[in-house]
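# Structural overview for review
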Amino acid sequence: MAHGGTKTEISLAGTFASSAFAASFAEVCTIPLDTAKVRLQLQKNVTAGNVLSAPKYKGMLGTVTTIAREEGLVALWKGIVPGLHRQCLFGGLRIGLYEPVKSFYVGKDFVGDAPLSKKILAALTTGALAITVANPTDLVKVRLQAEGKLPPGVPRRYSGAMNAYATIVRQEGLGALWTGLGPNIARNAIINAAELASYDQVKQTILKIPGFSDNVFTHLLSGLGAGFFAVCIGSPVDVMKSRMMGDSTYKSTFDCFVKTLKNDGPLAFYKGFIPNFGRLGSWNVIMFLTLEQVKASPP
């Protein structure tokens, strides 16, 4: 995501560290929106007799308000510990490896702006590799976020992130930590391509417009563009990923797709679109602004 400027060249380890920091900072700022998104995606249509009952959660702000009122403000940051585990691994790898992988695909002797197809291919590659490593952290994050307010006397499944890792391995086996890996690879490879390639491309395009320079405003516009493309493209696989990780009754990705389509209709694949954009749009703006500033800082 470098574009001819005076930015200091940093090592792969430095790129990984700055990417992990930027991703973690964005996670802390936006996880309440992610919790709202997960609750909306896991919400299913419920019928009482022949009447469709009103959903518990309605819209992003309504969901945030309901969670805060019924469970307390702290509940909005459920999953923050595995969320930070995830961003350190997934964020550091997918963002930190993007430039090296892109350079590998275009060739070491390539001069000029990389073709969009190479940017997409590089982002698909790093997204898939990174989430394969980080899937257990994503699973635990979704499990913790999915737990709503339980009736009195009903114990919670997990007391915290580390307990969740141990409980899942003990009760479901080590392989269960990679539950939902298929849709998660699809989701994160696609969203990573939408985010990184679109950020790269939008920024490259903006910088060719007279009067624009490589500054905070350009980074903000590019980050919003990246978030919008990511949500439009990745929502269906994101919904299936959340449902498979939050509900163990689904046998496979295809089973989840069929049951969701049959029971909730095609619009279910875009459930939580507004909070998802609120989450990813703000996440991308914060992450890319932070990353650009960290990378531009003198060593």
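Residues numbered from 1 in each chain as written. Predicted model: local features only at pLDDT ≥ 70, side-chain atom pairs only at ≥ 80, totals over all residues. Heavy atoms only, no water.

### Observations regarding the overall build of the protein chain
Note the cut-off: Segments assigned H or I by DSSP are reported as helices when at least four residues long, segments assigned E as strands when at least two residues long, and all are numbered from the N terminus. In this scheme, a residue with accessible area under 20% of its type's maximum is buried, one over 50% is exposed, and one in between is partly exposed, where area comes from a 1.4 Å probe on protein chains only. Residues are treated as being in contact if the distance between any of their heavy atoms lies within 4.5 Å. Just so you know, the count uses Lys and Arg for positive and Asp and Glu for negative, and it drops His and the chain ends. The atom standing in for a charge is NZ when the residue is Lys, CZ when it is Arg, CG when it is Asp and CD when it is Glu.
Across its full length, the protein chain holds ten helices and two strands. Beginning at the N terminus, the succession of helices and strands in the protein chain can be written as α-β-β-α-α-α-α-α-α-α-α-α. By principal-axis analysis of the C-alpha atoms, the protein chain measures approximately 65 × 40 × 35 Å. Across the 299 residues that make up the protein chain, the buried fraction comes to 48%. Put simply, of all contacts in the protein chain between residues at least 6 apart along the chain, 78% involve residues at least 24 apart. Mean positive and mean negative side-chain charge positions of the protein chain (31 and 19 charges, respectively) differ by 6 Å.

### Comments concerning helix α3 (residues 80-96)
Since the α-helix turns once every 3.6 residues, residues separated by three or four places project in the same direction. Test applied: Take the seven residues that end at a residue and the seven that start at it, fit an axis to each, and the angle between those axes is the bend at that residue.
At glutamine 87, α3 shows its maximal kink, close to 30°. Within α3, burial applies to Ile80, Pro82, Gly83, Arg86, Gln87, Phe90, Gly91, Gly92, Arg94, Ile95 and Gly96.

### Details of the packing of helix α7 (residues 181-207) against helix α10 (residues 273-296)
Put simply, the rule is: Lines fitted to C-alpha atoms define the axes, with helix axes restricted to the stretch in contact, and inter-axis angles between N-to-C directions lie between 0 and 180 degrees. An angle below 35 degrees is treated as roughly parallel, one above 145 as roughly antiparallel, one from 65 to 115 as roughly perpendicular, and anything else as oblique. In this scheme, a crossing is called left-handed if the near helix is turned counterclockwise away from the far one by less than a right angle; it is called right-handed if the turn is clockwise. Put simply, Ala, Val, Leu, Ile, Met, Phe, Trp, Tyr, Cys and Pro go in the nonpolar bin, Asp, Glu, Lys and Arg in the charged bin, and everything else, Gly too, in the polar bin.
Running from N to C, α7 and α10 point in directions that differ by 55°, and their axes come no closer than 12 Å. On the basis of the axis angle, α7 is oblique to α10. Relative to α10, α7 is oriented so that their crossing is right-handed. Between α7, through Ile191, Glu195, Leu196, Tyr199 and Lys203, and α10, the contact on the second element is made entirely by Leu280, Trp283, Asn284, Phe288 and Glu292. Of the residues assigned to the contact of α7 with α10, the class counts are six nonpolar, one polar and three charged.

### Here we look at the side chain of asparagine 188
Note the following rule: Polar contact is the term for a pair of N or O atoms within 3.5 Å; when the atoms are in protein, one must be able to donate a hydrogen and the other to accept it, and sequence-neighboring residues count only if both atoms are side-chain atoms.
Summarising the element assignment, asparagine 188 is placed in helix α7. Owing to a relative accessible area of 2%, asparagine 188 belongs among the buried residues under this scheme. Among the polar contacts listed, one links the side chain of asparagine 188 to the side chain of arginine 86, at a separation of 2.9 Å. Polar side-chain contacts of asparagine 188 include one of 2.7 Å to the side chain of asparagine 184. Here asparagine 188 is in contact with Arg86, Phe90, Gly127, Ile131 and Asp138, once residues within four sequence places are set aside.

### Concerning the pattern of salt bridges
Heads up, the condition is: Just to be clear on terms, a salt bridge is a Lys or Arg side-chain nitrogen sitting within 4 Å of an Asp or Glu carboxyl oxygen.
Applying the stated criterion to the full structure yields 15 salt bridges. One salt bridge connects arginine 86 with aspartate 138, and the closest N-O pair in it is separated by 2.9 Å. A residue pair is termed long-range when its members are at least 10 positions apart, and arginine 86 in helix α3 and aspartate 138 in helix α5 (residues 116-146) qualify at 52 residues. For the pair shown, arginine 86 and aspartate 138 are each scored as buried. For arginine 94, the salt bridge identified is with glutamate 195, shortest N-O distance 2.8 Å. Placement of arginine 94 in helix α3 and of glutamate 195 in helix α7 is noted, with a sequence separation of 101 residues between them. Across the pair, exposure class does not vary: arginine 94 and glutamate 195 are buried alike. One continuous salt-bridge network, built from bridges that share partners, spans Glu27, Asp34, Lys37 and Lys141.

### Digging into the nonpolar core
To keep things clear, this is the line we draw: As used here, the term nonpolar core means buried Ala, Val, Leu, Ile, Met, Phe, Trp, Tyr and Cys residues forming a set that is joined through side-chain atoms within 4.5 Å.
The biggest cluster of nonpolar side chains holds 16 residues, and the ones touching the most others in it are Leu196, Met287 and Phe288. The next biggest cluster of nonpolar side chains, apart from the first, holds 14 residues, and it includes Leu139, Leu144, Ala176 and Leu177.

### A closer look at a nonpolar patch on the surface
Counted only if it meets this: Each patch groups residues whose relative accessible area exceeds 30% and which form no salt bridge, using 9 Å between like charges and 5 Å between nonpolar side chains of Val, Leu, Ile, Met, Phe, Trp and Tyr. In this description, accessible areas are obtained by the Shrake-Rupley approach with a 1.4 Å probe, and a residue is regarded as covered only by the protein chains that are shown.
Together, Ile209, Phe212, Phe217, Leu220, Leu221 and Leu224 make up an exposed nonpolar region whose accessible area comes to about 470 Å². Mapped onto the elements of the fold, leucine 220 is located in helix α8 (residues 216-246). With relative accessibility at 30%, the residue leucine 220 sits in the partly exposed group.

### Details of the packing of aromatic side chains
Inclusion rule: Each aromatic pair joins two rings of Phe, Tyr and Trp (for Trp, the six-membered one) with centres within 6.5 Å, and gets the label stacked for planes under 30 degrees apart, edge-to-face for over 60, and tilted for any other angle.
Taken as a whole, this structure holds seven aromatic pairs when the rule is applied. Taking 6.3 Å as the distance between ring centres and 15° as the angle between the ring planes, the aromatic pair formed by phenylalanine 212 and phenylalanine 217 counts as stacked. Taking relative accessible area as the criterion, phenylalanine 212 reaches 32% and is therefore assigned partly exposed. Ring geometry for tyrosine 270 against phenylalanine 273: centres 6.1 Å apart, planes inclined by 45°, an arrangement best described as tilted. Residue classification places tyrosine 270 among the partly exposed positions, given a relative accessible area of 37%. Owing to a relative accessible area of 24%, phenylalanine 273 belongs among the partly exposed residues under this scheme. Counting every residue linked through ring pairs, the aromatic cluster contains Phe228, Phe229 and Phe277.

### Section: the side chain of asparagine 135
Looking at where asparagine 135 falls in the secondary structure, it is placed in helix α5. We classify asparagine 135 as buried; its relative accessible area is 0%. A distance of 3.0 Å separates a polar side-chain atom of asparagine 135 from the backbone oxygen of leucine 177. When neighbours within four sequence positions are excluded, asparagine 135 is seen to be in contact with Leu177, Trp178, Thr179, Gly180, Leu181, Asn184 and Met245.

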